[in-house]
Amino acid sequence: MNGSLVVVDDVAAAFAQLVVDRTAASGAHFSLAFSGGSTARECYEHLARRSQYPINWARIDAWWGDERCVPLDNPDSNYRLVEESLLSKVGPLASIHPMLSDRADAAVLYDRLVRSAPPIDLIHLGLGPDGHTASLFPDSEGLTAPAHRFVISNVDPLGHNSHPRLTFTFAGIANCRAAVVTVAGASKTEALHRVLDGDLTAPAAHVANDDLIWLVDAEALGSHSAR
Ligand code: 6PG
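Along each chain, residue indices are assigned from 1 in the same order as the chain's sequence is written. Two thresholds apply to this predicted model, a pLDDT of at least 70 for residue-level local features and 80 or more for giving and counting side-chain atom pairs, whereas whole-chain, interface and lining totals are computed over all residues. Note that water and hydrogens are dropped before the side-chain values are worked out from all heavy atoms of the structure.

## Focus: the pattern of salt bridges
Point 1. Here, a salt bridge means any side-chain nitrogen of Lys or Arg that lies within 4 Å of a carboxyl oxygen of Asp or Glu. Under the counting rule described, the total for this entry stands at nine salt bridges.
Point 2. Its salt-bridge partner being Arg22, residue Asp211 comes within 2.9 Å of it at the nearest N-O pair. In this pair, Asp211 sits in the loop between helix H6 (189-196) and strand E10 (212-216) while Arg22 sits in helix H1 (residues 11-24), placing the two residues 189 residues apart along the sequence.
Point 3. Asp211 gets classed as partly exposed once you look at its relative accessible area, which sits at 26%.
Point 4. Judged by relative accessible area, Arg22 falls into the partly exposed class, the value being 26%. Going along the chain from the N terminus, every DSSP run of H or I of four or more residues is numbered as a helix, and every run of E of two or more is numbered as a strand. Exposed residues in this analysis have more than 50% of their type's maximum accessible area, buried residues have under 20%, and partly exposed residues fall in between, with area computed by a 1.4 Å probe over protein chains only.

## A look at the packing of H1 against helix H2 (residues 38-47)
Point 1. Axes, fitted as lines to C-alpha atoms, cover a helix only where it is in contact. Angles between the N-to-C directions of the axes lie from 0 to 180 degrees. At a minimum axis distance of 8 Å, the contact between H1 and H2 shows a crossing angle of 55 degrees. Relative to H2, the element H1 is oriented oblique. The hand of the H1/H2 crossing is right-handed. Residues Val11, Ala12, Ala13, Phe15, Ala16 and Val19 of H1 touch H2, and the partners they reach there are Thr39, Glu42, Cys43, Tyr44, His46 and Leu47.
Point 2. The residue inventory of the contact of H1 with H2, partitioned by class, reads nine nonpolar, two polar and one charged. Angle categories are assigned with fixed cut-offs, so that under 35 degrees is roughly parallel, over 145 is roughly antiparallel, 65 to 115 is roughly perpendicular, and the rest are oblique. Take the far helix as your reference; a near helix turned counterclockwise from it by less than a right angle gives a left-handed crossing, and one turned clockwise gives a right-handed crossing. Contacts are assigned to residue pairs with any non-hydrogen atoms lying within 4.5 Å of each other. Residue classes follow a fixed rule: Ala, Val, Leu, Ile, Met, Phe, Trp, Tyr, Cys and Pro count as nonpolar, while Asp, Glu, Lys and Arg count as charged, and any other residue, Gly among them, counts as polar.

## What about the sheet that holds strand E7 (residues 151-154)?
Point 1. A pair of strands is labelled paired if DSSP reports no fewer than 2 bridges between them. The sheet built from three strands is open, its strands ordered E4-E8-E7 with antiparallel pairing. Looking at which strands have only one partner, the edges of the open sheet turn out to be strand E4 (66-68) and E7. Shown here is a sheet whose adjacent strand axes are inclined to one another by a mean of 20 degrees, direction ignored.
Point 2. As defined by bridge partners, E7 adjoins strand E8 (residues 165-168) across four bridges and the pair is classed as antiparallel. Bridge pairing in E8 links Asn154 to Arg165.

## Considerations on the sheet that holds E10
Point 1. Strand order in the open sheet formed by seven strands is E1-E10-E9-E6-E2-E3-E5, with parallel pairing between adjacent strands. A strand with exactly one partner marks an edge of an open sheet, and here the two such strands are strand E1 (4-7) and strand E5 (95-96).
Point 2. Relative to E10, strand E9 (residues 179-183) is paired through five bridges, and the arrangement is parallel. Residue pairing in the sheet places Ala179 in a bridge with Leu212 of E10.
Point 3. Contacts from H1 reach strand E2 (30-34), strand E3 (60-64), strand E6 (122-126), E9 and E10, with the element oriented near 150 degrees to E10.

Put into structure tokens, the structure is as follows:
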């Protein structure tokens with residue numbers, strides 16, 4: 001696998017501390033691309049604890065690494081997930097760039113926006129049980145997106161993941177200065193070991209940023225922990 005594997009007791013707490021450390025070490029602004037999913041929600045609920053995780057949110061630029069093509073107030077929206085768990089609790093940010101995914105030209109617009117901005121400092125990614133990350137699903141067209149595209153539309157051809165999506169491509173992820181993948185719980189053990197074994201049929205195994213950290217718990221690592 002690419003990057004550094006860090007086994008932690010509490011993935012959400014470790015994620016929040018990593019963001020504190022990275023933002024403290026950065027300059028004027030720090031850009032963060034958010035993920036979706038239940039692990040991400042727990043990460044952001046931790047991050048919202050301002051006394052425990054002091055961050056100057058007025059310096060933070062918020063992006064999304066993927067989104068479901070639903071209205072921003074839809075319960076399945078990743079924007080709504082981040083708004084509920086974090087943005088509503090931490091006060092104003094420097095900028096917020098939701099993926100306006102219910103527009104027909106949303107992918108092209110976001111792709112242009114991302115490519116016109118400096119590289120995102122840190123993208124947060126999850127790992128699905130099927131080995132997907134962001135909304136780059138196994139056997140999906142998004143896996144072979146044109147190299148110049150950082151954001152595309154995509155769907156799960158196997159139907160395991162709901163809604164048409166917008167997602168960063170592998171090129172878009174690689175363009176970020178750093179990436180952190182959070183993996184928690186026994187349901188991810190098989191997918192995580194496919195990544196650890198370099199099985200490229202698991203889309204997450206293609207993430208290869210020079211600065212890449214996998215924050216995983218012992219449950220996700222499973223009985224192979226002694227590897
Ligand atoms: C999404 C996410 C997706 C998620 C993984 C893990 O929009 O669903 O971006 O990539 O991170 O599926 O989700 P869980 O943490 O809920 O297992």
